[in-house]
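Chains, contacts and geometry: an overview
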Amino acid sequence: MATQNDELSKSGDGDGDTNVDVALAEAIQHEHELTFWQAVQLYPKAVGWSAFVSIGVIMLAFDPQIIGNMFAMPQFQKDFGYLLDGEFVISAAWQTGLSLGNPIGQVVGALFSAYPLELFGRKWTFFGCILLTACLVFIQFFARSIQVLLVGELLGGLVLGCFVVIGPTYASEVCPMALRGYLTSYTNLCFVTGQLLGNGVTAGTAQLENHWAYSIPFALQWFWVLIIIPGIFFIPESPWWLVRKGRIQDAKDALRRLSSSKVDVDATLAVIVETDRLELEMEAGSTYMDTIKGVNLRRTEISTGVYTTQVLSGVYLINYGTYFFEQAGLPTQSAFYMGIGFLAVGWVCTVLSWFLIAHYGRRRIFNVGLSVLIIMMFIIGILDSIPGRPSGVAWAESSLMLVWNGAYDLSIGPITFVILGECSATRVRSKTIAVATAVQAVFGIAMTVAIPYMINPGEANMQGKMGYFFGGLGVLCLIWSYFRIPETMGRTYEELDLLFDRKVPARQFKGYQVDITATSAEL
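What you are looking at is a predicted structure, and each value in this text was computed from that prediction instead of being measured.

**Details of the overall build of the protein chain**
When its secondary structure is counted, the protein chain shows 26 helices and 2 strands. Considering only intrachain contacts with a sequence separation of at least 6, the fraction spanning at least 24 residues in the protein chain is 82%. A total accessible area of about 19700 Å² is found for the protein chain, and carbon and sulfur atoms account for 65% of it.

Right under this line is the structure:
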């Protein structure tokens, strides 16, 4: 790799080095000046392929959503539950076990995925995960006992956990800076889309009085496989991965396939090679240990912190949305419809968040959004504490959860994936995202264990008082985010490398001036 990189960047002494520095400076300046619509016109194929690879995230979100909704499905309760006071219910223990497949999968799958991502590339790792998912859905579809279903969920979760690393990693590596925020935050839109589709499907099948009530939702997971497989052979590989493997010509060809004919591919490639060289000079490394060494420790902490904040703010309640609404006092079918509206609001707000991403910084969106979520959680808790619990409280709490979800998908939902892509060093991006995913999934496992017991009528039956719990956790996250999250908007990956290397405080990132040409010459 070093030899090939040298061939691309080498141009002798004196005037040759000056010409290279000028070319790099011009390429970086051009990327700074590129507007959103100009970037879309120049990189339409990068937008399309990034969206295509992110379909895997829809699959990841669909599975836990249908499982969470099945707990409120009469036929599922009858086939897999037990009688309690004349009604069939799924015990809190089995709810926890079935729900653990996804977060456990994210821990193991995310950490494991970084190895094939680095060894085989983004494209073929994605392909392997799709094939494995297609096979494991058979277990879920044909399960007629809760034990077999548990095996299917756990095995399926291991593979689905890989998609949350592949999607944002690929998106952050194939698009220019002007599109980076939109395409990485698109990951959140895919999460919401998967959850919304899961709610819509289970609402449509909930009233069936045979096994198809829950078998149809499981079978629909094959739909995504049929969409992805025909197109997977045409996906361009990540040029950043190709450069790290020394395949400079392949990286150049991939850039051509990702961009229009108007793009100066040589200049874009030069920036990628220079950024990779800079990280080598900074000893960024490319192993899991390197994610917690030196300056990368701070970058991994930020990535892990923002992702974990999603869990601690209360997002795991979304997987139990329908069940939460039912336990809050809504009729079963109304609970399903509220669940659909819940995620429809989230979907629209995720799209609207792109306006905020274009005009406001990552740090501001995250901190202001988290503050709003905390306030609403405490209001929900206070409403549930009203003596006698008036009849309108159930609808008030449910409506506030709807607004909470909208605020979440306007702020920390999408912006987390932007920060993940921008704060991680390019050489360890997949591993940093994997570590962040695994850590948040560990917290997710804790929530998956705790939430069924907190809302189950046979256990704590907390209902809206869960607002106090998540509001308190949110306050702790807000204190951390205020002091630790930097402003990464409008920075190239090379500039971010330098800002972190110089240990610039988080609150000074926005106004700090970086001279790329002078720094490159020094190194």
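**Observations regarding the packing of aromatic side chains**
What the rule picks out here adds up to 25 aromatic pairs. Measuring from centroid to centroid gives 5.6 Å for tryptophan 240 and tyrosine 493, while their planes differ by 85°, and the two rings are edge-to-face. Of the two residues, tryptophan 240 is situated in helix H14 (residues 239–244) and tyrosine 493 in helix H25 (residues 493–501); the sequence distance between them amounts to 253 residues. Exposure class is identical for tryptophan 240 and tyrosine 493. Each is buried. Three or more aromatic residues joined by ring pairs form one cluster here, namely Phe138, Phe141, Phe142, Trp212 and Trp222. One cation-aromatic arrangement involves arginine 180 over tyrosine 493; the distance from NZ or CZ to the ring centre is 4.7 Å. Looking at arginine 363, its charged tip hangs above the ring of tyrosine 482, at a distance of 5.2 Å from the centre.

**Here's the deal with the state of the cysteines**
Evaluation of the coordinates by the stated rule reveals 0 disulfides. Cysteine cysteine 129 is unpaired, with the sulfur of cysteine 162 as its nearest cysteine sulfur at 3.9 Å.

**Regarding a nonpolar patch on the surface**
Among the surface-exposed residues, Leu208, Trp212, Ile216, Leu220, Phe223 and Ile227 lie close enough to one another that they form a single nonpolar patch of about 480 Å² accessible area. Using a relative accessible area of 30% as the deciding quantity, one classes isoleucine 216 as partly exposed.

**Some remarks on the side chain of serine 54**
Mapped onto the elements, serine 54 comes out in the loop between helix H4 (44–53) and helix H5 (55–70). Accessibility expressed as a relative area gives 0% for serine 54, which makes it buried. When sequence neighbours within four positions are dropped, the list of residues in contact with serine 54 reads Gly167, Tyr186 and Cys190.

**Digging into the side chain of lysine 431**
With respect to the helices and strands, lysine 431 occurs in helix H23 (residues 429–455). For the buried lysine 431, which has no salt bridge, the nearest side chain bearing the opposite charge is glutamate 118, at an N-O separation of 4.4 Å. Sequence-distant contacts of lysine 431, that is, excluding residues within four places in its chain, are made with Ala114, Glu118, Ser286, Thr287, Tyr288 and Thr291.

**A short note on the pattern of salt bridges**
Evaluation of the coordinates by the stated rule reveals 12 salt bridges. A salt bridge links lysine 252 to aspartate 266; the nearest nitrogen and oxygen atoms lie 2.8 Å apart. In this pair, lysine 252 is assigned in helix H15 (residues 248–258) and aspartate 266 in helix H16 (residues 265–281), connecting sequence segments 14 residues apart. When the shortest N-O distance is used, the salt bridge between glutamate 274 and arginine 277 registers 2.7 Å. With glutamate 274 and arginine 277 both in helix H16, this residue pair falls 3 residues apart, about one helical turn. The buried category is assigned to glutamate 274, whose relative accessible area is 8%. Overlapping salt bridges, with partners in common, bring together Glu118, Arg122, Glu173, Arg244 and Arg429 in one network.

**Structural notes on unusual backbone geometry**
What you tend to see is this: most non-glycine residues have negative phi, and most peptide bonds are trans. Despite not being glycine, lysine 503 has its phi angle at roughly 55°, a positive value. Counting through the fold element by element, lysine 503 comes out in the loop between H25 and helix H26 (516–522). For lysine 503, a relative accessible area of 65% gives the class exposed.

**Re the environment of valine 89**
Inspection of the secondary structure puts valine 89 in strand E2 (residues 87–89). Each residue touching valine 89, except ones within four places of it in the same chain, is listed here: Gly81, Tyr82 and Leu84.

**Structural notes on the confidence of the model for the protein chain**
On average, residues of the protein chain carry a pLDDT of 84, and 88% of them reach 70 or more. Low confidence marks residues 1–14, where pLDDT is under 50. Its contacts with residues over four positions away, or in another chain, come to 22 contacts.

**Re the environment of cysteine 477**
Examined against the element boundaries, cysteine 477 turns out to sit in helix H24 (residues 466–484). A relative accessible area of 7% places cysteine 477 in the buried class. Considering only alpha carbons, one finds cysteine 477 and threonine 308, 169 residues apart in sequence, at a separation of 8.8 Å. Not counting residues within four places of it along the chain, the set of residues in contact with cysteine 477 comprises Thr309, Leu312 and Leu370.

**Some remarks on the packing of helix H9 (residues 122–142) against helix H13 (residues 221–232)**
Two quantities define a packed helix pair, namely the angle between the axes and the distance from one axis to the other. Put simply, H9 and H13 touch, their axes get as near as 10 Å, and they point 155° apart. Between H9 and H13, the crossing angle belongs to the class labelled roughly antiparallel. H9 and H13 meet at a crossing whose hand is left-handed. Of the residues in H13, those in contact with Lys123, Phe126, Phe127, Ile130, Leu131, Ala134, Val137, Phe138, Gln140 and Phe141 of H9 are Gln221, Trp222, Val225, Ile228, Ile229 and Ile232.

Cut-offs and rules
- Residue numbers run consecutively from 1 along every chain, following the written order of its sequence.
- With the structure being a predicted model, the display of local features is reserved for residues of pLDDT at least 70 and the display and counting of side-chain atom pairs for 80 or more, all residues being used for whole-chain, interface and lining totals.
- Think of the side-chain values as coming from all heavy atoms in the structure, minus any hydrogens and water.
- Helix and strand definitions follow DSSP, with helices as H or I runs of at least four residues and strands as E runs of at least two, each counted in order from the N terminus.
- Contacts: residue pairs with any heavy atoms within 4.5 Å of one another.
- Accessibility throughout is a Shrake-Rupley quantity obtained with a 1.4 Å probe, and a residue counts as covered only by protein chains that appear here.
- Ring pairs are drawn from Phe, Tyr and Trp, using the six-membered ring of Trp, whenever the two centres fall within 6.5 Å, and their geometry is named by plane angle: stacked under 30 degrees, edge-to-face over 60, tilted for the rest.
- Relative accessibility thresholds used throughout: buried, under 20% of the residue-type maximum; exposed, over 50%; partly exposed, between the two (1.4 Å probe, protein chains only).
- Only lysine NZ and arginine CZ atoms are considered, and such an atom sits over a ring when it is within 6 Å of the ring centre and within 35 degrees of the ring normal.
- We call a pair of cysteine sulfur atoms a disulfide whenever their separation is within 2.5 Å.
- Patch criteria: residues need more than 30% relative accessible area and no salt bridge. Like-charged residues are merged within 9 Å; nonpolar side chains of Val, Leu, Ile, Met, Phe, Trp and Tyr are merged within 5 Å.
- By salt bridge we mean one thing: a side-chain nitrogen of Lys or Arg within 4 Å of a carboxyl oxygen of Asp or Glu.
- Only four residue types enter the charge count: Lys and Arg as positive, Asp and Glu as negative, with His and the chain ends excluded.
- Confidence of the predictor at the level of single residues is given by pLDDT, which spans 0 to 100.
- Orientation is described by axes fitted as lines to C-alpha atoms, over the contacting stretch for helices, and by angles from 0 to 180 degrees between their N-to-C directions.
- Should an angle fall under 35 degrees it is called roughly parallel, over 145 degrees roughly antiparallel, and 65 to 115 degrees roughly perpendicular, with every other angle called oblique.
- Each crossing is labelled by how the near helix is turned from the far one, with a counterclockwise turn of less than a right angle marking it left-handed and a clockwise turn marking it right-handed.

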